[in-house]
Amino acid sequence: MNKFENVEIIPTLERIMRTNTEHFQSDFEIDKEIITKAANDKDTGGRLLWMSRQYGTHCFTENDVYIKNTYPHNTWTYYGDSDNSKMLAYAVKITEVKDGHIYGNLYELDYQKHYRHILDSAVQADKQAVNYKGGIIYTKIDDFFPATHHKYGEFINRDYLVVDRFALSDALNRDHTAYEKLKSGDIEAHINRLETAGAKRRIKGMTAEERQEIIDTVELVKDYGEGEALSDFELALYDAAIAECKKPSIRKQLAESKEKVKPAQHTPKKSKEDIAL
C-alpha cells in the first residue's frame, strides 16, 4: 500500500474509477459533489473514504464511516463478505483548494483489512442532530426526518452524536498516523498499472466482436488525426484487445495488403553495349 501526495483529487479518482468501475460510472458525479463540499467544510477536516466497485462508487465523510449503524458505516462495510477482487479503496485528505482545483493526498487501502478494522474500531452513536436553515432537531440515529421541516425549513446536513467522542477521535488519529507512514508512491505509475490490469480483465469478458469494435473505433479515431482525444484507459483497452484478438487489426490488414500489391522491383537487363563496355 502506498500514499500519493499532492495530487488533484477529483481527476485522479476519476481516472482510477474508469479503470475499475464498469457500470454506473455516473455515481462519480455524486462523489464530485461530496468532495467539493468537504473541501469547503471545516467540520469534515477534509477527510473522506472513497471506493470503486465494478458496479458503482461510494464516497463518505471519514468520521461517519466510523460510527455504527449510520448509512456510511453500513454501506462501507456491506461489501466485506463479497468478492473483493474488483474493489479499490482509498482514504482521502484534502489539503488545498487553488483556483477551483482540489488538491491533497490519497492513501491506498486494502479493503478487506480496512473493512474488518472499521468493524473493530467503530463507535456507537445514540442520536443525530438534523440541521435545517432555521434550526436543529434531535432524533434517534435511525429516525426518519423530512427534507423540508414545517418549522425550520430546508435541510442542510446532519451530525451523528456519538456516545464516546474520545474513542472516535482516538481511532481516527491512530489511522491518520498509520497513513502517513505508508511509502510514497508514483500516482502515474499506479494508475498505469490499474489501467493495464483493468483493460486485460475487461477484454477477457468480451466477445470477439466487442473486442474488434474497440480496435476498429480506436484506429478510426487515429486515422482522423484525433488520437489525442483518446484517454489512457481507452488506449489500454485497445492494446489489450490487440493482444487478445487472433484476427489482425484493420490497420495491419491494410498494411499487409499494400505489401502484397506493391510492384516488384526488376533489375534492368543489360544491353550488348553494356556488356561490351
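Before going into details, it helps to say that this report is about the structure given with it. All of these numbers come straight from a predicted model, not from anything done at the bench. (Residues numbered from 1 in each chain as written. Predicted model: local features only at pLDDT ≥ 70, side-chain atom pairs only at ≥ 80, totals over all residues. Heavy atoms only, no water.)

## Concerning the pairing of strand β3 (residues 56-61)
In terms of burial, β3 is a largely internal element, six of the six residues being buried. Going residue by residue along β3, you find Gly56, His58 and Phe60 tucked away on one face and Thr57, Cys59 and Thr61 tucked away on the opposite face as well. The sheet contact formed by strand β2 (residues 47-53) and β3 spans six bridges and is antiparallel. Across the sheet, the residue bridging to Ser52 is Thr57, located in β3. Connecting the antiparallel pair β2 and β3 is a turn made up of two residues. (Buried < 20%, exposed > 50% of the residue type's maximum accessible area, 1.4 Å probe, protein only. Helix = DSSP H or I, 4+ residues; strand = E, 2+ residues; numbered from the N terminus. Pairing = 2+ DSSP bridges.)

## Describing the sheet that holds strand β6 (residues 125-132)
Taking strand neighbours across the sheet as the criterion, the four strands line up as β7-β6-β9-β8 in an open arrangement whose pairing is antiparallel. Looking at the sheet topology across the chains shown, the edges are occupied by β7 (135-140) and β8 (148-149). Two strands pair when backbone bridges link them, and β8 and strand β9 (residues 153-162) are joined in this way by two bridges, in the antiparallel orientation. The partner of His149 across the bridge, within β9, is Gly153.

## Section: helix α9 (residues 232-244)
Given a rise of 1.5 Å per residue, 13 residues ought to cover 18 Å, and the 18 Å separating the end C-alpha atoms of α9 matches this to within 8%. Those residues of α9 that sit buried are Phe233, Ala236, Leu237, Tyr238, Ala240 and Ala241. Against the buried residues of α9 lie α1 (9-20), α7 (187-204) and α8 (208-223). (Expected span 1.5 Å × (residues − 1). Contact = heavy atoms within 4.5 Å.)

## As for the layout of surface pockets
Within this model, the largest pocket holds a volume of roughly 980 Å³. Along the wall of the largest pocket there are 33 residues; nearest its centre are Thr44, Thr61, Asp64, Asn157 and Arg158. Those elements giving two or more residues to the lining of the largest pocket turn out to be α2 (27-39), β2, β3, α3 (62-65), α4 (71-78), β9 and α6 (165-180). The greatest single-element share of the lining of the largest pocket, amounting to seven residues, is contributed by β9. Looking at the lining of the largest pocket residue by residue, the class counts come to 15 nonpolar, eight polar and ten charged. (1 Å grid on protein atoms, 1.4 Å probe; cavity = no way out; pocket = protein on both sides within 12 Å on 5 of 7 lines; lining within 4 Å. Points joined across faces, edges and corners; volume = space filled by probe spheres on them. Nonpolar A, V, L, I, M, F, W, Y, C, P; charged D, E, K, R; others polar.)

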